[in-house]
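The lines below spell out each chain.
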Amino acid sequence: MDMGRESRWEKDAMTVEIVFALVTAVALAAAVFAVALSLALVFDISGSVRKGVLVGGALLGATAGVWRLVRVLLRFDEQRRMGR
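The structure displayed is predicted, hence computed values, not measured ones.

Turning our attention to the UniProt feature "transmembrane region" (unreviewed entry) in the protein. The positions that UniProt labels "transmembrane region" (unreviewed entry) are, in the present scheme, residues 20–41 and 53–74. Summarising residues 20–41: 100% helix, 0% strand, and an end-to-end C-alpha distance of 31 Å. For residues 53–74, the end-to-end C-alpha separation is 31 Å, with 100% helix and 0% strand making up the annotated structure.

Here we take up the packing of helix α1 (residues 8–42) against helix α2 (residues 48–82). One way to put it is that α1 packs onto α2 with a least axis distance of 8 Å and a crossing angle of 160°. Viewed along their axes, α1 and α2 adopt a mutual orientation that is roughly antiparallel. In the crossing of α1 with α2, the sense of the turn from one axis to the other is right-handed. In terms of residue class, the contact of α1 with α2 is made up of 26 nonpolar, four polar and three charged.

So, about α2. Relative to the 51 Å expected for 35 residues at 1.5 Å per residue, α2 spans 51 Å between its end C-alpha atoms, a close match to the ideal helical length. Among all positions of α2, only Gly57, Gly61, Ala64, Gly65, Arg68, Val72 and Phe76 are buried. For α2, the elements touching its buried residues are α1. Downstream of α2 by a residue or two, Gly83 has a phi angle that is positive, lying close to 90°.

Every α-helix winds through 3.6 residues per turn, so residues three or four apart in the chain are directed the same way. If you check α1, its first and last C-alpha atoms are 50 Å apart, about what 35 residues at 1.5 Å a residue would give, namely 51 Å. Turning to α1, its buried residues are Glu17, Ala21, Thr24, Ala25, Ala36 and Ala40. Here the buried face of α1 lies against α2. Immediately beyond the C-terminal end of α1, within one or two residues, lies Asp44, with a positive phi of roughly 50°.

Analysis parameters
- Residues numbered from 1 in each chain as written.
- Predicted model: local features only at pLDDT ≥ 70, side-chain atom pairs only at ≥ 80, totals over all residues.
- Heavy atoms only, no water.
- UniProt positions renumbered as here; feature names shortened; annotations may be inferred.
- Helix = DSSP H or I, 4+ residues; strand = E, 2+ residues; numbered from the N terminus.
- Axes fitted to C-alpha atoms, helices over the stretch in contact; angles between N-to-C directions.
- Parallel < 35°, antiparallel > 145°, perpendicular 65-115°, else oblique.
- Left-handed = near helix turned anticlockwise from the far one by under 90°.
- Nonpolar A, V, L, I, M, F, W, Y, C, P; charged D, E, K, R; others polar.
- Expected span 1.5 Å × (residues − 1).
- Buried < 20%, exposed > 50% of the residue type's maximum accessible area, 1.4 Å probe, protein only.
- Contact = heavy atoms within 4.5 Å.

In structure tokens, the structure reads:
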């Protein structure tokens with residue numbers, strides 16, 4: 001087998017890790033947005049303040065999701081390079 005090529009097991013492991021990273025990133029983003037939404041509902045915020053809270057929650061959620069995605073994939077790549 002060619003030393004520069006990845007085995008089928010390595011490709012499958014990468015696929016599983018990518019799906020795991022995407023699912024956990026979406027779950028984290030949804031949880032952060034849900035907190036912002038629940039704050040807007042609990043405190044009965046209306047008008048432009050409510051819109052600002054929801055937009056802020058969406059931005060924070062997206063940022064947290066991207067952070068999680070990058071963190072998981074970088075950790076996987078580091079472990080793969082170390083041979084684990």
